[in-house]
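Reading the structure
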Amino acid sequence: MDLALSDEQRQLVESFAGLFERESGSERVRAAESTGFDPKLWAALVQSGVLHMVVDEDTGGWAASRLDLALVAEQFGRAVGSAPLVETQVAAMLLQVCAARGNEAAAATLASVLEGEQLVTFAPRPPAAGRLGLVPGGSVADAVVALDGDRLVLVRLSDNRTVVSNLGSMPLADVEIGPESVVLAAAPEAARLFDEAIDMWITLQAAALVGAAARALEITVDYATQRKAFGTPIGAFQAVSHRLADSATAIDGARLLAYRAACAVVDEPDRASELAAMAFAFAYESARDVTYRGVHFHGGYGFMMEQDIQLFYRRCRGWANVFGDANTGLDRVAAARYGAN
């Protein structure tokens, strides 16, 4: 498996790195914390074609590879962007698949999504008692694609959602699934499509966590080379430098695994689900530890809202726990390898 980036992929990375530098600096992230959503960033992302990337050429899209999407997600993570990027891409993928099978509601919604007229998100958690919990982007979306029993449905959002306050400053909401929800796919296809969507969501979320962890490490290293104790930069002490080295190697490993999971859809389809869950679990553990160390090495400053490191500490935990902790990913690895029982 060759994970080296092509010239086109390097250009893709540079393009989105520039976009996030312009549209998602730390001050913009702070300004959006009350809602977790930056409309200007979202408009820039839609204009850049992030949703068209997911859609095939016959539908007017770019038919980007899963690795291309992961590369964009990684840059998104570096900026801890205040927009529901990953879940809207997953929703667009599901809408396209259902539209290709003749579902008129999916086709009409997808066209509206690609025009930037609607924001449709994806719920990675199945509902409990008719209620979807912690829907990412749910507080700002127009609709959500979700699994409801043995049906894949499109739920329009209005007064059937309850905004969820959270330490990650994310646009989360709990959503009631009413009888007016539109069926996109029925059994047995619905469960299969949802499972594939989960694989895509956790793979891209793993890439975003890698990006966030990498940027958090850069911030911490910069601080450790400037902050002095006993006349010496704290980064010179082994208690700090060894843990920073551990962080760097963990990030490299998480990135490699996320890229491999992204490529597995084509190269290792039999292991795609297993590798996606492995990537998510390892990326979350790595990001959790890297950002924790970053806050710790900043000392008391790490807890101050003026410092950027706390943005990464909070957002990494929020992103991952929309789906579950690392053990949730590891349970999915075991189910993929040994069966659900």
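Notes on the structure in this doc start here. Here the structure is a predicted model, which means the values were calculated and not measured. (Residues numbered from 1 in each chain as written. Predicted model: local features only at pLDDT ≥ 70, side-chain atom pairs only at ≥ 80, totals over all residues. Heavy atoms only, no water.)

1. Brief notes about the sheet that holds strand 6 (residues 172-176)
Rules: Pairing between two strands is assigned when DSSP locates at least 2 bridges connecting them. Helical segments are the DSSP runs of H or I of at least four residues, strand segments are the runs of E of at least two, and each set is numbered from the N terminus. Only the stretch in contact is used when a helix axis is fitted, and all axes are lines through C-alpha atoms; the angle between N-to-C directions ranges over 0 to 180 degrees.
The strand order across the open sheet built from three strands is 2-6-5, with neighbouring strands paired in antiparallel fashion. Since the sheet does not close on itself, it has two edges, and those belong to strand 2 (131-136) and strand 5 (161-164), each with one partner. In this sheet, adjacent strand axes meet at a mean angle of 25° when their direction is disregarded. Alignment of strand 2 against strand 6, held across four bridges, turns out to be antiparallel. Across the sheet, residue valine 135 finds its bridge partner in strand 6, namely alanine 173.

2. Topic: helix 5 (residues 85-100)
Counted only if it meets this: Given the number of residues in a helix, its expected span is that number minus one, multiplied by 1.5 Å.
Here helix 5 is 16 residues long and its end C-alpha atoms lie 23 Å apart, about the 22 Å a rise of 1.5 Å per residue gives. After helix 5 finishes, the residue glycine 102 shows a positive phi value of roughly 95°.

3. A few points about the environment of glycine 211
We count it as follows: Whether a residue is buried, partly exposed or exposed follows from its accessible area with a 1.4 Å probe, protein chains only, as a fraction of its type maximum: under 20%, in between, or over 50%, in that order. Contacts were defined at the residue level, with two residues in contact if any of their heavy atoms lie within 4.5 Å.
On the secondary structure map, glycine 211 appears in helix 7 (residues 189-226). Classification of glycine 211 as buried rests on a relative accessible area of 0%. The spacing of glycine 211 and alanine 79 is 132 residues in sequence and 8.0 Å in space, taken between C-alpha atoms. Leaving out residues up to four positions away in the same chain, glycine 211 has contacts with Glu74, Gly77 and Arg78.

4. A closer look at the packing of aromatic side chains
Operational definition: Two aromatic rings from Phe, Tyr or Trp, using only the six-membered ring of Trp, form a pair when their centres are within 6.5 Å; if the ring planes differ by under 30 degrees the pair is stacked, by over 60 it is edge-to-face, and anything between is tilted.
Per the counting criterion, the structure on display carries six aromatic pairs. Seen from their ring centres, phenylalanine 76 and tryptophan 319 are 5.5 Å apart, and the 25° between their planes marks the pair as stacked. With phenylalanine 76 in helix 4 (residues 66-78) and tryptophan 319 in helix 10 (residues 309-321), this pair connects stretches of sequence that are 243 residues apart. Just as phenylalanine 76 is buried, tryptophan 319 falls in that class too. For the ring pair phenylalanine 280 and phenylalanine 323, a centre distance of 5.4 Å and an interplane angle of 90° mean the geometry is edge-to-face.

5. Concerning the environment of alanine 264
Relative to the helices and strands, alanine 264 is located in helix 8 (residues 238-267). Overall, alanine 264 belongs to the buried group, its relative accessible area being 0%. Considered as a pair, alanine 264 and arginine 317 are 53 residues apart in the sequence and their alpha carbons are 26 Å apart.

6. Quick notes on the packing of helix 7 against helix 9 (residues 272-297)
This is how the line gets drawn: Working definition: roughly parallel below 35 degrees, roughly antiparallel above 145 degrees, roughly perpendicular at 65 to 115 degrees, and oblique for all remaining angles. Note: crossing handedness is left-handed where the near helix turns anticlockwise from the far helix by less than a right angle, and right-handed where it turns clockwise.
The geometry of helix 7 relative to helix 9 is characterised by a closest axis approach of 8 Å and an angle of 25° between their N-to-C directions. Accordingly, the angle class assigned to the pair helix 7 and helix 9 is roughly parallel. Crossing geometry of helix 7 relative to helix 9 is assigned as left-handed. On helix 9, the residues touching Asp199, Trp201, Ile202, Thr203, Ala206, Leu209, Val210, Ala213, Ala216, Leu217, Thr220 and Tyr223 of helix 7 are Ser273, Ala276, Ala277, Ala279, Phe280, Ala283, Tyr284, Ala287, Val290, Thr291, Gly294 and Phe297.

7. Points about unusual backbone geometry
Of the consecutive residues alanine 187 and proline 188, the connecting peptide bond is found in the cis state with omega at 0°. Locating proline 188 in the fold gives a position in the loop between strand 7 (182-185) and helix 7. Phi is positive for valine 80, which is not a glycine, with a value near 35°. Take valine 80: it is sitting in the loop between helix 4 and helix 5. For valine 80, a relative accessible area of 3% corresponds to the buried category. A positive phi angle, close to 50°, is found at serine 169, a residue other than glycine. For serine 169, a relative accessible area of 11% gives the class buried.

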